[in-house]
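Tertiary structure, described
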Amino acid sequence: MPSSPPTPPRGLKAIPWRLPIWLYRLHLGFLLGERFLLLEHIGRKTGKVRYAVLEIIGKDARPRAYYVASGFGERSHWFRNIMARPEVTIQIRQRRYRARAERLPYDEAFSRLQTYAREHPAALRELSRLLHYPYDGSEASLRELTNTLPIVRFRILREA
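This report concerns the structure included in the present document. Since the model is a prediction, treat every value here as computed from it, not as a measurement.

What counts as what
Residues numbered from 1 in each chain as written. Predicted model: local features only at pLDDT ≥ 70, side-chain atom pairs only at ≥ 80, totals over all residues. Heavy atoms only, no water. Helix = DSSP H or I, 4+ residues; strand = E, 2+ residues; numbered from the N terminus. Buried < 20%, exposed > 50% of the residue type's maximum accessible area, 1.4 Å probe, protein only. Contact = heavy atoms within 4.5 Å. Areas by Shrake-Rupley, 256 points an atom, 1.4 Å probe, with all protein chains shown as cover. Axes fitted to C-alpha atoms, helices over the stretch in contact; angles between N-to-C directions. Parallel < 35°, antiparallel > 145°, perpendicular 65-115°, else oblique. Nonpolar A, V, L, I, M, F, W, Y, C, P; charged D, E, K, R; others polar. Salt bridge = Lys/Arg side-chain N within 4 Å of Asp/Glu carboxyl O. Phe/Tyr/Trp six-rings, centres within 6.5 Å; stacked < 30°, edge-to-face > 60°.

1. Brief notes about the overall build of the chain
From N to C terminus, the chain includes five helices and six strands. Taken from the N to the C terminus, the helices and strands of the chain come in the order α-β-β-β-α-β-β-α-α-α-β. Expressed as a percentage of the 160 residues in the chain, the buried residues total 42%. Put simply, 66% of the contacts in the chain that link residues at least 6 apart link residues at least 24 apart. Roughly 9,100 Å² of accessible area belongs to the chain as shown, and the carbon and sulfur atoms make up 53% of that amount.

The following block contains the structure:
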């Protein structure tokens, strides 16, 4: 397992990671179903509105919340932005919500990743391959992954 996550892509390499944002801008976010959300957040340095499309790794009905993993770890710009300004807007399909972001403590993050690994083993293997994390399906490698990937809860406050 790498001691730190890969650096987020920049320039042309970032295009595939940014394409899903255009689906939402074209009002086609519903094509991504309920496995993804559009995060609207404020840049910590610029103060400008920023966007990221993130895979939902879990959800709670009460209190209503959605969980995502930061694939590029603490280096991810969206992650650093929401840690600085946790009040965000998320969109799932066509519904928009005001939410508060919070990083999960390790034990809760590990539990969320365990559930995700059980429910979506192929997706976790593919994500770990794509991001160059040597995940082998064992509990030890899942624990190491939990050390590397911050898990964030978006607690719904109200509809936007």
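2. Considerations on the packing of helix α3 (residues 106–119) against helix α4 (residues 121–130)
Here α3 crosses α4 at 110°, and the two axes come no closer than 5 Å. Taken together, α3 and α4 sit at an angle that is classed as roughly perpendicular. Contact with α3, carried on its side by Tyr116, Ala117, Arg118 and Glu119, involves Pro121, Ala123 and Leu124 of α4 and no other residues of that element. Class assignment of the residues belonging to the contact of α3 with α4 gives a composition of five nonpolar, no polar and two charged.

3. What about the pattern of salt bridges?
Tallying each qualifying case throughout the model produces 13 salt bridges. The salt bridge involving Glu55 is made with Arg35; its shortest N-O contact spans 2.4 Å. Here the residue Glu55 occupies a position in strand β2 (residues 49–60), and Arg35 occupies one in the loop between α1 (15–25) and β1 (36–42), the gap between them amounting to 20 residues. Note on Arg35: relative accessible area 33%, which makes it partly exposed. One salt bridge connects Arg112 with Asp60, and the closest N-O pair in it is separated by 2.8 Å.

4. Quick notes on the packing of aromatic side chains
Taken as a whole and assessed by the stated rule, the structure comprises two aromatic pairs. Geometrically, the ring pair formed by Trp78 and Phe79 is edge-to-face, given 6.1 Å between the ring centres and 85° between the ring planes. Each of the two residues, Trp78 as well as Phe79, counts as buried. Arranged with centres 6.3 Å apart and planes meeting at 10°, the rings of Tyr106 and Phe110 form a pair that is stacked. With Tyr106 and Phe110 both in helix α3 and four residues apart, the pair spans about one turn of that helix.

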